[in-house]
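A closer look at the structure
Here's the letter readout for the chains.
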Amino acid sequence: AIFEVCANEVETALELPALEVLAEVEAALDDTNLRRLVAYIEQLRDSTQLIMITHQRRTMEMADVLFGLSMQGDGVTTVLSQTLSQALRYAE
């Protein structure tokens, strides 16, 4: 309920920017509130670009593109990306 009130206040008080960065905002949420957050983010899809830093599978599943960082060695980082629509075609 707290999330719903905050989300409604934000929507009426501000015009949301075209790009938002959310860093592990769902890390401490229980399943019920995580579902609420996912539903709210789904509403923003058409009007806002979102960059989400997450470890939650449910949040990753709603993404269009996933990016990952991997340490290949000392001081060497590799960036990986996967468009989920392409990944689904490969899986079939």
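Report on the accompanying structure.

Turning our attention to the pattern of salt bridges. Inspection of every chain in the model, using the stated rule, returns three salt bridges. Notably, a salt bridge pairs R45 with D64, separated by 2.5 Å at the nearest N-O pair. Of the two residues, R45 sits in the loop between helix 2 (31-44) and strand 2 (49-53) while D64 sits in the loop between helix 3 (57-61) and strand 3 (65-73), which places them 19 residues apart along the sequence. Judged by relative accessible area, which is 30%, R45 ranks as partly exposed. According to the relative accessible area criterion, D64 is exposed, its value standing at 53%. Of the charged contacts in the structure, one is a salt bridge between E61 and R57, with a shortest N-O distance of 3.0 Å. In this pair, E61 and R57 are both assigned in helix 3, four residues apart and thus about one turn of the helix distant. Overall, the relative accessible area of 64% leaves R57 in the exposed class.

The topology assignment puts E26 in the loop between strand 1 (19-23) and helix 2. For the buried residue E26, which engages in no salt bridge, the nearest side chain bearing the opposite charge is R58, 9.9 Å off. Of note is the side chain of E26, whose polar atom sits 3.4 Å from the side chain of T59. Among residues more than four places away in sequence, those in contact with E26 are L34, L37, I53, T54, H55, Q56 and T59.

With that settled, the discussion passes to a nonpolar patch on the surface. Taken together, the side chains of L19, V21, I51 and I53 present a nonpolar region at the surface, about 360 Å² in accessible area. Within the secondary structure, I53 sits in strand 2.

In this structure, A27 sits in the loop between strand 1 and helix 2. For the pair formed by A27 and H55, sequence separation is 28 residues and the distance between their alpha carbons is 7.8 Å.

Turning our eyes to something else, we now look at the nonpolar core. Listed in full, the six residues of the largest apolar core are L22, L34, L37, V38, I41 and M62. Considering each element in turn, this core owes the most residues, four residues, to helix 2.

Its location among the elements puts S47 in the loop between helix 2 and strand 2. Residue classification places S47 among the exposed positions, given a relative accessible area of 54%. In sequence terms S47 and A18 are 29 residues apart; their C-alpha atoms lie 6.8 Å from each other. Side-chain polar atoms of S47 contact the side chain of T48, separated by 3.5 Å.

Scoring rules and cut-offs
- Residues numbered from 1 in each chain as written.
- Predicted model: local features only at pLDDT ≥ 70, side-chain atom pairs only at ≥ 80, totals over all residues.
- Heavy atoms only, no water.
- Salt bridge = Lys/Arg side-chain N within 4 Å of Asp/Glu carboxyl O.
- Helix = DSSP H or I, 4+ residues; strand = E, 2+ residues; numbered from the N terminus.
- Buried < 20%, exposed > 50% of the residue type's maximum accessible area, 1.4 Å probe, protein only.
- Lys, Arg positive; Asp, Glu negative; His and termini not counted.
- Polar contact = N/O pair within 3.5 Å; in protein donor to acceptor, adjacent residues only side chain to side chain.
- Contact = heavy atoms within 4.5 Å.
- Patch = residues over 30% accessible without salt bridge, like charges linked within 9 Å, V, L, I, M, F, W, Y side chains within 5 Å.
- Areas by Shrake-Rupley, 256 points an atom, 1.4 Å probe, with all protein chains shown as cover.
- Core = buried A, V, L, I, M, F, W, Y, C linked by side-chain atoms within 4.5 Å.

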